[in-house]
Amino acid sequence: MGLIDTQVFEDDMGFAQMLDANDALRHMRDAFYIPKMKGTSKDEIYLCGNSLGLQPKLSAKYVKDELIKWQQLGVKGHFESEFPWMPYHELLAESSASLVGAKTTEVVCMNSLTANLHFLMVSFYQPTDKKHKILIEDHAFPSDHYAVESQIKFHGYDPADSMVLLKPRQGEDCLRTADILQTIDEQADELALIMLPGVQYYTGQVLDMQQIADAAQHHGITLGLDLAHAAGNIEMSLHDWGVDFAAWCTYKYLNSGPGSIAACFVHEKHHDNAELPRFTGWWGHDKSTRFKMDNTFVPIQTVESWQLSNPTILSLAAIRGSLETFDNAGGISPLRNKSKQLTAYLRFLLNNRLKEQVGIITPDDDLSGCQLSLTIKTEKPGKAVFDAIEAAGVTCDWREPNVIRVAPAPLYNSFEEMVQFVDILEKAV
Ligand SMILES: *Cc1c(COP(=O)(O)O)cnc(C)c1O
């Protein structure tokens, strides 16, 4: 679909249907199971792909395939099947890498997101008395905050001295790039690590990862990114930007099922650095000699050396189905183009009809992905509005203290749903 100028948008169901008719990706919706409104056969308006993506039909098939192989082959499934379990994670590398702009040797699916942040900080946070600080947002996702705080304590430092918290300016919701860069400049001598999100979970703001990476490299500071809300949502170039490491979960925009195995990126410049400390396990050991079991660790010369354990194949099968669905849509680039249109259309409808009643704290243009974070400005409390739209068949989410997050996903949401959603929200406020 070509980009349609937001100037010509119309607040009208016929216009939305025209946008859908022109959407080259509209058939992708059929690749998913869409939940139904309670007691009906009508599709829910599902705007919660930022929290748990919907189930791709391919994922259901691939999980079933592996259950059957286990029934039929037992332990031989590790080696004797079309997609043997031993190297199964390798099937995911190419598509995962292309989603985040990495080389296939730089991305692997393993563990969970928070576990990956910890394991990567074991390697990439080596504080000294001079350089011991970690830069993180004041309003980071709690798990990231806890992980950073506990790593600092683990090394014998005090989070009160060693955590630098980035805050938006008074009266503002989002971080300004200039302020982030200024803090990096000011604290450079003491910063050991910068740990920031690609997309902020509460506001939906996309951070300027390239400029942050440039600043980090300029000062010789390690940069780690949490891409939980960025992977499968926006385009990235982790390799070219020179990001040191990153981690993300696969159950949000990557649609791989609740608690599914996470992914991580380590830049190839670190792959053969034998000095890096790390917590090791047998799955990180050189594949050709892993089963010699001689207790001399020989790391694989890729990001795979950070793996600990043989992974949950049922989860990898779900990820494989989801990544193949992304590939079938042509990858992240056409999806991002549709996403910009879809979210711009939603923003247009909200501004056109509910400007007085509903605020949007998510920044405009390239500083947002799928998600818009809405605040309710009427007498009615935000939580009551949220409850009312949920009752009317919308699934989205409420985040304390005061935000309704709505995230149209370009793989399965339609322009028509944007009008339906705003109709429902208008009644609710
Ligand atoms: C969703 C999310 C998490 C969740 O962590 P898990 O380890 O997968 O439970 C962590 N950090 C951020 C920024 C998130 O958005």
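Residues numbered from 1 in each chain as written. Predicted model: local features only at pLDDT ≥ 70, side-chain atom pairs only at ≥ 80, totals over all residues. Heavy atoms only, no water.

Topic: the overall build of the protein chain
In step 1: Assigned secondary structure in the protein chain consists of 13 helices and 15 strands.
In step 2: In terms of C-alpha radius of gyration, the protein chain reaches 22 Å, essentially the compact-globule figure of 22 Å for 429 residues.
In step 3: Oriented by its inertia axes, the alpha-carbon framework of the protein chain measures out at about 70 × 60 × 35 Å.
In step 4: Residue pairs at least 24 apart in sequence account for 70% of intrachain contacts in the protein chain once pairs closer than 6 positions are excluded.
In step 5: When the accessible surface of the protein chain is summed, it comes to about 18,300 Å², and 51% of that surface belongs to carbon and sulfur atoms.
In step 6: Where the 37 positive side-chain charges of the protein chain centre and where its 57 negative ones centre are 5 Å apart. (Helix = DSSP H or I, 4+ residues; strand = E, 2+ residues; numbered from the N terminus. Rg over C-alpha atoms; globule rule 2.2 N^0.38 Å. Contact = heavy atoms within 4.5 Å. Areas by Shrake-Rupley, 256 points an atom, 1.4 Å probe, with all protein chains shown as cover. Lys, Arg positive; Asp, Glu negative; His and termini not counted. Charge placed at Lys NZ, Arg CZ, Asp CG, Glu CD.)

Looking at the nonpolar core
In step 1: If you look at the biggest cluster of nonpolar residues, it comprises 65 residues, and the most contacted ones within it are Val-100, Ile-194, Leu-227, Met-236, Leu-238 and Trp-248.
In step 2: Per element, the largest residue contribution to this core is six residues, and it comes from helix 10 (residues 313-328).
In step 3: The residue makeup of this core includes at least three contributed by each of domain 1 (6-33 + 331-428) and domain 2 (65-328). (Core = buried A, V, L, I, M, F, W, Y, C linked by side-chain atoms within 4.5 Å. Buried < 20%, exposed > 50% of the residue type's maximum accessible area, 1.4 Å probe, protein only. Domains from an automatic or database assignment.)

Brief notes about the site of the ligand
In step 1: For the ligand, the full set of nearby residues is Leu-113, Thr-114, Phe-141, Asp-144, Asp-226, Ala-228, His-229, Tyr-251 and Lys-252.
In step 2: The separation between an oxygen atom of the ligand and a polar side-chain atom of His-229 is 3.1 Å.
In step 3: For the ligand, whose free accessible area comes to 390 Å², the fraction covered by protein is 83%.
In step 4: In the shell around the ligand, the residues fall into four nonpolar, two polar and three charged. (Near = heavy atom within 4 Å. Polar contact = N/O pair within 3.5 Å; in protein donor to acceptor, adjacent residues only side chain to side chain. Nonpolar A, V, L, I, M, F, W, Y, C, P; charged D, E, K, R; others polar.)

Things to note about the side chain of Arg-405
In step 1: You can see Arg-405 is positioned in strand 15 (residues 403-406).
In step 2: Here Arg-405 falls in the buried class, since its relative accessible area comes to 2%.
In step 3: One polar contact links the side chain of Arg-405 to the main-chain carbonyl oxygen of Tyr-201, over a distance of 2.8 Å.
In step 4: With sequence-adjacent residues up to four places away left out, Arg-405 is seen in contact with Leu-47, Asn-50, Ser-51, Tyr-201, Tyr-202, His-229, Gln-371, Leu-372, Ser-373, Cys-396, Asp-397 and Arg-399.

Side note on the domain arrangement of the protein chain
In step 1: As assigned here, the protein chain comprises domain 1 (6-33 + 331-428) and domain 2 (65-328).
In step 2: Of the roughly 2,000 Å² buried between domain 1 and domain 2 on both sides combined, carbon and sulfur atoms contribute 60%.
In step 3: By the criterion of area lost to domain 2, the three top residues of domain 1 are Ile-332, Ile-361 and Leu-367, representing 27% of everything that side buries.
In step 4: On the surface where domain 1 and domain 2 come into contact, there are zero salt bridges.
In step 5: Joining domain 1 to domain 2, the criterion identifies nine residue pairs in polar contact (both at pLDDT 80 or more).
In step 6: Only helix 11 (332-354) and strand 15 provide two or more residues apiece to the side of domain 1 that touches domain 2. (Buried area = accessible area lost by both parts, 1.4 Å probe. Salt bridge = Lys/Arg side-chain N within 4 Å of Asp/Glu carboxyl O.)

Focus: the pairing of strand 12 (residues 372-376)
In step 1: The element strand 12 is extensively covered by neighbouring structure, given that five of its five residues are classed as buried.
In step 2: Where strand 11 (residues 358-360) meets strand 12, three bridges bridge the pair, whose relative direction is antiparallel. Counted as the bridge partner of Ile-360 is Leu-374 from strand 12.
In step 3: As defined by bridge partners, strand 12 adjoins strand 15 across three bridges and the pair is classed as antiparallel. Looking at strand 15, one finds that Leu-374 is bridged to Ile-404. (Pairing = 2+ DSSP bridges.)

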